[in-house]
Amino acid sequence: MKAVIPAAGEGTRLYPQTHTKPKAMVRVAGKPILGHLLDQLATTEIDSVVIVVGAQRGEQIIDYATEAYGGRFSFSFPEQTVARGLGHGIYQARGPVGEEPMLVVLGDMLFLDGYRPFIEAHREGEADATIGVHEVDEPQHYGVVELGGGMRIERLVEKPVNPRSNYAISGLYAIEDTAALFGALETLIETETTGTGGEFQLTDALQRMVERGSTVRAQRVSNWYDCGRPEPLLDVNRILLDRRNPDPPENVTDSVVVPPVDIGENVVIESSIVGPHVSVDKGAEIRESIVESSIVGRDATLTGAHLERSLVGDDADVRDSPARLNVGPNGDLNL
């Protein structure tokens, strides 16, 4: 089985953090989102990973993955030159995947329980495809599955106006019959059959598999977070720091650091209170500030700031700000 991570999306829901980096490279709890995904894949038997990158800034993903995880995985990096939907992105992986089974892991979804239980459930179910699902209160905002007996999926609909099920697709897929899925995607693309948002939807291709007689089953999943939005990203930062409880920083002057925190290399903390649940990338400087439940980017500078549940981008400069902020890379904020 190979893993496929579609990571070509622009990450508009995380603007301004994704103006200068792919969404999968946004830092949370000490490393990029992509690093956490690869850490979890490393606990499985999977040793080949296909990461679909975008035409812009894809080199950041390539460099990070190969440098940090090249000893554990073999990588392929097909490019999605034009953003035409998740289905279109997955279709770009057809060459490296071939007809081998694949585990599709969305590049902004973190499953805190890992992937091993899902892979095992897929194999026990002997299905052509298995889709991770969970119950939600507002299914009209999600891709939804309608179930028959034995968790067999009878119908999939992307963001239905009048949903007949509250089982939402969670962003985790195990595909045994990859030839059937790539064939369904090829039909959609060649016939220009777009779905919701005018894009080629993976949901529509899976529905074609169902219509052609494939056995597609649902598997309940839990403890997953959508890291493509600021608030869940901060929640994941808190949860992961609680689980890891990193060692306290060393370069601290007249300051109080409240664990758990993750402090990168060459970070300066002076006359400040930092923590709990703060992730600070390398080279940042924090002076005369109070920071809690926040993520501070590489080489950012905080002076006289009081921040809670805030995102501060790389190279940003924040001064005298008693606020909740989402400051992008190279931002300069003086209040």
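Provided above is the structure to which this section pertains.
Keep in mind that this is a model prediction, so the values were computed, not measured.

Participant: Could you give an account of the overall build of the protein chain, with specific residues and numbers?
Facilitator: A count of helices and strands for the protein chain gives eight helices and 30 strands. A compact globule built from 335 residues should have a C-alpha radius of gyration of about 20 Å, and the protein chain, at 21 Å, falls within 12% of that. Overall, the protein chain is about 65 × 45 × 35 Å in size when its C-alpha atoms are taken along their principal axes. Considering only residue pairs separated by 6 or more positions, the protein chain has 56% of its internal contacts joining residues 24 or more positions apart.

Participant: For empty space enclosed by the protein, give the residues involved together with the corresponding values.
Facilitator: Applying the stated rule across the entire model yields one cavity of 30 Å³ or more. Each pocket or cavity is described by its volume, and for the largest cavity that value is around 100 Å³. For the lining of the largest cavity, the secondary structure elements donating two or more residues are β23 (294-296) and β26 (311-312). Grouping the constituent residues of the lining of the largest cavity by class yields six nonpolar, three polar and five charged.

Participant: Before we move on, can you summarise the environment of Glu-146 with the specific residues and values?
Facilitator: Locating Glu-146 in the fold gives a position in strand β10 (residues 143-147). C-alpha of Glu-146 to C-alpha of Val-280: the two residues are 134 residues apart in sequence and 43 Å apart in space. Beyond its immediate sequence surroundings of up to four residues, Glu-146 is in contact with Arg-152, Ile-153, Glu-154, Arg-155, Val-157, Arg-164 and Ser-165. Engagement of the side chain of Glu-146 in a polar contact is seen with the side chain of Arg-164, the distance being 3.4 Å.

Participant: Requested: an account of the packing of helix α6 (residues 178-190) against helix α7 (residues 202-211), with residues and values cited.
Facilitator: α7 packs onto α6 with a crossing angle of 115 degrees between their chain directions and a minimal axis gap of 9 Å. Judged by the twist between their axes, the crossing of α6 over α7 is right-handed. Along its contact with α6, which presents Ala-180, Leu-181, Ala-184, Leu-185, Thr-187 and Leu-188, the element α7 presents Leu-202, Asp-204, Ala-205, Leu-206, Arg-208 and Met-209. Its residues assigned to classes, the contact of α6 with α7 comprises nine nonpolar, one polar and two charged.

Participant: Residues and numbers for the pairing of strand β12 (residues 167-175), please.
Facilitator: In terms of residue burial, β12 counts as a mostly covered element, since nine of its nine residues are buried. As defined by bridge partners, strand β7 (residues 102-105) adjoins β12 across four bridges and the pair is classed as antiparallel. Paired with Leu-103 across the two strands is Ala-174, which belongs to β12. In this structure, strand β9 (residues 129-135) lies alongside β12, joined through six bridges in antiparallel fashion. The partner of Ile-131 across the bridge, within β12, is Tyr-173. By the bridge criterion, two bridges tie β10 to β12 in an arrangement that is antiparallel. When the sheet's bridge partners are listed, Val-145 is paired in β12 with Tyr-167.

Participant: Explain the layout of surface pockets to me, using residue names and the numbers behind them.
Facilitator: A volume near 1,200 Å³ is recorded for the largest pocket. Counting only elements with at least two residues in the lining of the largest pocket, the list comes to α3 (86-91), β12, α7 and β14 (224-226). The element that contributes the greatest number of residues to the lining of the largest pocket is β12, accounting for four residues. Classifying every residue of the lining of the largest pocket gives 14 nonpolar, 16 polar and 10 charged. Here the second largest pocket defines a volume of roughly 450 Å³. Forming the walls of the second largest pocket are 15 residues, and the residues nearest its centre are Lys-21, Met-25, Pro-32, Asp-281 and Arg-298. For the lining of the second largest pocket, the elements supplying multiple residues, two or more each, are β3 (31-32) and α2 (58-69). Counted by class, the lining of the second largest pocket contains three nonpolar, four polar and eight charged residues.

Participant: A description of α2 should follow, citing residues and the corresponding values.
Facilitator: Across its 12 residues, α2 extends 16 Å between first and last C-alpha, which sits within 8% of the 16 Å expected from 1.5 Å per residue. For α2, the complete set of buried residues consists of Gly-58, Ile-61, Tyr-64, Ala-65 and Tyr-69. Projected onto a plane normal to the axis of α2, the buried residues spread over an arc of 130 degrees and lie on a single side. On its buried side, α2 packs onto β3, α1 (33-41), β4 (48-54) and β5 (74-76).

Analysis parameters
Residues numbered from 1 in each chain as written. Predicted model: local features only at pLDDT ≥ 70, side-chain atom pairs only at ≥ 80, totals over all residues. Heavy atoms only, no water. Helix = DSSP H or I, 4+ residues; strand = E, 2+ residues; numbered from the N terminus. Rg over C-alpha atoms; globule rule 2.2 N^0.38 Å. Contact = heavy atoms within 4.5 Å. 1 Å grid on protein atoms, 1.4 Å probe; cavity = no way out; pocket = protein on both sides within 12 Å on 5 of 7 lines; lining within 4 Å. Points joined across faces, edges and corners; volume = space filled by probe spheres on them. Nonpolar A, V, L, I, M, F, W, Y, C, P; charged D, E, K, R; others polar. Polar contact = N/O pair within 3.5 Å; in protein donor to acceptor, adjacent residues only side chain to side chain. Axes fitted to C-alpha atoms, helices over the stretch in contact; angles between N-to-C directions. Left-handed = near helix turned anticlockwise from the far one by under 90°. Buried < 20%, exposed > 50% of the residue type's maximum accessible area, 1.4 Å probe, protein only. Pairing = 2+ DSSP bridges. Expected span 1.5 Å × (residues − 1). Arc of directions from axis to C-beta.

Shape is all these values report; function is a separate question.
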